[in-house]
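Observations on chain architecture
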Amino acid sequence: MRDNEACDRFIEQMGQITEEEGLPRIAGRIFGLLILSPGELNLDEIAEKLSVSRASVSTDARRLADCGLLQRVTRRGDRKDYYQVTPDHFSYMLERRMLALQRMAAVFSVGLELSGLPPEIDERLKNSSSIINWFMARAVQDLAEFRSEFSKIGKG
């Protein structure tokens, strides 16, 4: 990493974005650091580079791995856990968004079955359900196209 100030800004901005998305800021900072790292880093290295506790790094690195954004790697003869960005992390991010929309679509379906609602609420539920279903139909196709294109340009 050449420009430490620019790298620090990138890492901090990634932390802010993930915090806005409901994850801890440290999770985004870890993700940002690993995006800028040429290889995997162990938990101690991440904690040192971000000036945070190893326990926090451990918790949030596992959280990011559970989300599919990071993957844990091991080295023969080394008991430390190392993490790197999952090569196909964009697909995982898009899939998570789609799953959230699918859950929301299911809730709107339940809402549409409610009886005795005022017409404006019934209309609101119908419109919301239509928008989500419209978006989901396209998102499934777009994700398939994304994966096809992504496999052509390589991982990383």
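Note that the structure is a prediction, hence the values are computed from the model and not measured. (Residues numbered from 1 in each chain as written. Predicted model: local features only at pLDDT ≥ 70, side-chain atom pairs only at ≥ 80, totals over all residues. Heavy atoms only, no water.)

**Overview of the overall build of the protein**
The condition that has to hold: A run of H or I in DSSP becomes a helix once it reaches four residues, and a run of E becomes a strand once it reaches two; helices and strands are each numbered from the N terminus. The globule rule used here is 2.2 Å times the number of residues to the 0.38 power, and the radius of gyration it is set against is calculated over C-alpha atoms. Summary of the burial criterion: residues with accessible area below 20% of their type's maximum are buried, those above 50% are exposed, and those between are partly exposed, where the area comes from a 1.4 Å probe applied to protein chains only. Per-residue and other accessible areas follow the Shrake-Rupley method at a 1.4 Å probe size, with only the shown protein chains counted as cover for residues. Under the convention used here, Asp and Glu are negative, Lys and Arg are positive, and both His and the chain ends fall outside the count. We put the charge of a Lys on NZ, of an Arg on CZ, of an Asp on CG and of a Glu on CD.
A count of helices and strands for the protein gives six helices and three strands. Starting at the N terminus and walking to the C terminus, you meet the elements of the protein as α-α-β-α-α-β-β-α-α. Taken over C-alpha atoms, the radius of gyration comes to 20 Å for the protein, far larger than the 15 Å a tight globule of 156 residues would show. The dimensions of the protein, computed from C-alpha atoms along their principal axes, are 65 × 35 × 35 Å. By the burial criterion, 32% of the 156 residues in the protein qualify as buried. Working note: accessible area of the protein is about 10300 Å², and carbon and sulfur atoms make up 52% of it. Across the protein, the centroid of the 22 positively charged side chains sits 5 Å from that of the 24 negatively charged ones.

**Regarding helix H2 (residues 25–35)**
Burial of H2 is extensive: nine of the eleven residues sit out of reach of the surface. Those residues of H2 that fall on the buried side of the exposure criterion are Ile26, Ala27, Gly28, Arg29, Ile30, Phe31, Gly32, Leu33 and Leu34.

**Side note on the pairing of strand E2 (residues 70–75)**
Note the threshold: The criterion for strand pairing is that DSSP finds at least two bridges linking the strands in question.
As paired strands, E2 and strand E3 (residues 78–85) are joined by five bridges and run antiparallel to one another. If you follow Gln71 over to E3, its bridge partner there is Gln84. Turn length for the E2-E3 hairpin, with the two strands adjacent in sequence and antiparallel, is two residues, and the turn residue Gly77 shows positive phi of about 80°.

**Considering the pattern of salt bridges**
Using the following cut-off: Counted as salt bridges are all cases of a side-chain nitrogen of Lys or Arg within 4 Å of a carboxyl oxygen of Asp or Glu.
For the structure shown, the criterion picks out ten salt bridges. Here Arg63 ties to Asp60 by a salt bridge, and the two come within 2.2 Å at their closest N and O atoms. One end of the pair, Arg63, and the other, Asp60, are both in helix H4 (residues 54–66), three residues apart, so they sit about a helical turn from each other. Looking at Arg63, the relative accessible area reads 32%, which means it is partly exposed. Its salt-bridge partner being Asp122, residue Lys126 comes within 3.2 Å of it at the nearest N-O pair. Within this pair, Lys126 and its partner Asp122 are both found in helix H6 (residues 119–153), separated by four residues, close to a single helical turn. On the basis of relative accessible area, Asp122 is assigned to the partly exposed category, the value being 21%. A cluster of three or more residues bridged by salt bridges with shared partners is formed by Asp44, Arg54 and Lys80.

**Remarks on H4**
To keep it simple, the criterion reads: Here, expected helix span is obtained from the residue count minus one, scaled by 1.5 Å. Contacts are assigned to residue pairs with any non-hydrogen atoms lying within 4.5 Å of each other.
Here H4 contains 13 residues, and its C-alpha end-to-end distance of 18 Å stays within 8% of the 18 Å for a straight helix at 1.5 Å per residue. For H4, the full list of buried residues reads Val57, Ser58, Asp60, Ala61 and Leu64. Elements in contact with the buried residues of H4: H2, helix H3 (43–50), E2 and E3. Backbone geometry just downstream of H4 places Gly68 in the positive-phi region, at approximately 90°.

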